[in-house]
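Commentary on secondary and tertiary structure
The lines below spell out each chain.
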Amino acid sequence: MKVFLTGATGFIGQNLVRALRRRGWSVDALVRDPEAAPARWLGAQGCRLVRGDVTGADDLAEAMRGADVVIHNAGVYELGAGRRERERMQTVNVQGTDKVLGAALAAGVPRAVHVSTVWALGSSGPDAERAADESKRHDGRYLTAYERSKAEAHQIALRWRARGLPLVIAMPNGVVGANDHSIFGYFLRLYLMGLMPPLAWGREMVCALVDVDALAEGLALAAEKAPVGEDYLFCGPPQSMGAMFGHWARHPGGRRPRLWLPRALMRAQFVFMEPLLHALGLPAFLSRDAVDCTRANLNYSSAKARRELGWQHPGAAEMWDRIVGQQRALLAARRGWRQRLRHQTVAA
């Protein structure tokens, strides 16, 4: 199996490369700079590096020719983003998806997989039956610029499918793991460093977070045997924010939140935290977007992926025990609080 992969240097991408290479598949990885450290890591995994960019390459179709499957995983994720980063999200997530999937159709690839997100469907809402409905459509009420960009990209993917692209759409829930670049990764590192504040918000919000290793296996299964034209949700066991912190509290670290404050109060404070974190060279993981996200429930189900693809996911306790252990080992090898807190771009 020959795979053409975008977004190979990111958090999901690096774990996906491992899953693909374990199967013995060849991987052509699209990279902007073949000399950058993440690209060199890909080369060490046996990937062939293809110089290019999802937002501007006119020869993408030629680069894809001969591939058995194109996996479009490239995307920009950031909460609390400034104007420039919001524009970049729109360019990469929306225009990039349009270019990559259009090139895949022009190249005549027999299968393509678009990595979307449950945010493209919006909140799962109070109706439990909707949590397993891959055909649900977003209601247009966006909480963040990231959600808007991914919802628009999802619609573009559906349009390319309607034009004849043999497309499978994968929709992960919030993705977690060691060296995670999401707000959950930053909160976990704060906890393990003993810097977690004893207050939080959104205790009742339910999210079926997915382990990044399990997701990588799910994406490989989608590339291998999912019927074209199908959509799949990839989610872990549902848990509230309060329950997630409870799993962390079973491990030595900082204090779990004791005071759950109203969202409006936290949002007002984070107006000042966003520029401060950016000035420190960190993403604004303490941001108004981070508060607004908890207004939605992402209690989606992976029943279809388990039934049709044979996909499996560990329980919440098993997942967090492994992630905490791996993250603690990574922190032990780093020096300086900013280096320990920051997401590292090269896989361990």
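See the structure above.
Thresholds applied
Residues numbered from 1 in each chain as written. Predicted model: local features only at pLDDT ≥ 70, side-chain atom pairs only at ≥ 80, totals over all residues. Heavy atoms only, no water. Helix = DSSP H or I, 4+ residues; strand = E, 2+ residues; numbered from the N terminus. Rg over C-alpha atoms; globule rule 2.2 N^0.38 Å. Buried < 20%, exposed > 50% of the residue type's maximum accessible area, 1.4 Å probe, protein only. Contact = heavy atoms within 4.5 Å. Areas by Shrake-Rupley, 256 points an atom, 1.4 Å probe, with all protein chains shown as cover. Core = buried A, V, L, I, M, F, W, Y, C linked by side-chain atoms within 4.5 Å. Phe/Tyr/Trp six-rings, centres within 6.5 Å; stacked < 30°, edge-to-face > 60°. Lys NZ or Arg CZ within 6 Å of the ring centre and 35° of its normal. Salt bridge = Lys/Arg side-chain N within 4 Å of Asp/Glu carboxyl O. Pairing = 2+ DSSP bridges. Axes fitted to C-alpha atoms, helices over the stretch in contact; angles between N-to-C directions.

Right, let's get into the overall build of the protein. Across its full length, the protein carries 13 helices and 13 strands. For the protein, whose C-alpha radius of gyration is 19 Å, the value lies close to the compact-globule estimate of 20 Å for 348 residues. If you line up the protein on its principal axes, its C-alpha atoms span 55 × 45 × 40 Å. Residues classed as buried in the protein amount to 55% of the 348 residues present. Within the protein, contacts between residues at least 6 apart in sequence are counted, and of these 80% link residues at least 24 apart. Carbon and sulfur atoms make up 50% of the accessible area of the protein, which amounts to about 14,500 Å² in all.

Bringing the nonpolar core into the picture now. In this structure, Met64, Phe187, Phe285 and Trp320 are the most contacted members of the largest nonpolar core, which totals 77 residues. Dropping the residues within four chain positions of it, Trp320 is found in contact with Val176, Leu188, Leu209, Gln239, Met244, His247, Trp248 and His251. Among the nonpolar cores identified, the runner-up in size contains 38 residues, and Leu16, Val17, Trp41 and Leu309 belong to it.

Time to look at the packing of aromatic side chains. Applying the stated criterion to the full structure yields ten aromatic pairs. A centroid spacing of 5.1 Å and a plane angle of 85° characterise the contact between Phe245 and Trp248, whose relative ring orientation is edge-to-face. With Phe245 and Trp248 both in helix H8 (residues 241-248) and three residues apart, this pair spans about one turn of that helix. Relative accessible area serves as the criterion here: at 1%, Trp248 is assigned to the buried category. Here the aromatic cluster, defined as three or more aromatic residues joined through ring pairs, consists of Tyr186, Phe187, Trp201, Phe270 and Phe285. Above the face of the Trp25 ring, Arg23 is positioned so that its terminal group lies 5.7 Å from the ring centre. The ring of Tyr186 has Arg189 lying over it, and the distance from NZ or CZ to the ring centre is 4.5 Å.

So, on to the pattern of salt bridges. Under the definition given, this model contains 19 salt bridges. In this structure, Glu217 engages Arg23 in a salt bridge whose closest nitrogen and oxygen atoms are separated by 3.1 Å. Placement of Glu217 in helix H7 (residues 212-225) and of Arg23 in the loop between helix H1 (11-22) and strand E2 (26-31) is noted, with a sequence separation of 194 residues between them. Classification of Glu217 by relative accessible area gives partly exposed; the value is 26%. Between Glu308 and Arg307 there is a salt bridge; the shortest N-O distance is 3.9 Å. Its relative accessible area of 38% is what places Glu308 among the partly exposed residues. If you follow the salt bridges from partner to partner, you end up with Arg22, Arg23, Glu217 and Glu224 in one network.

One open sheet accounts for seven strands, arranged E3-E2-E1-E4-E5-E6-E11; its pairing is parallel. Either end of the sheet is taken by a strand with one partner, and the two such strands are strand E3 (48-51) and strand E11 (231-234). Neighbour to neighbour, the strand axes of the sheet diverge by 20° on average, direction disregarded. Relative to E11, strand E6 (residues 167-172) is paired through four bridges, and the arrangement is parallel. Bridge pairing in E11 links Met171 to Leu233. Taken strand by strand, helix H4 (residues 83-107) contacts strand E1 (2-6), strand E4 (69-72), strand E5 (112-115) and E6, and its axis lies near 175° from that of E4.

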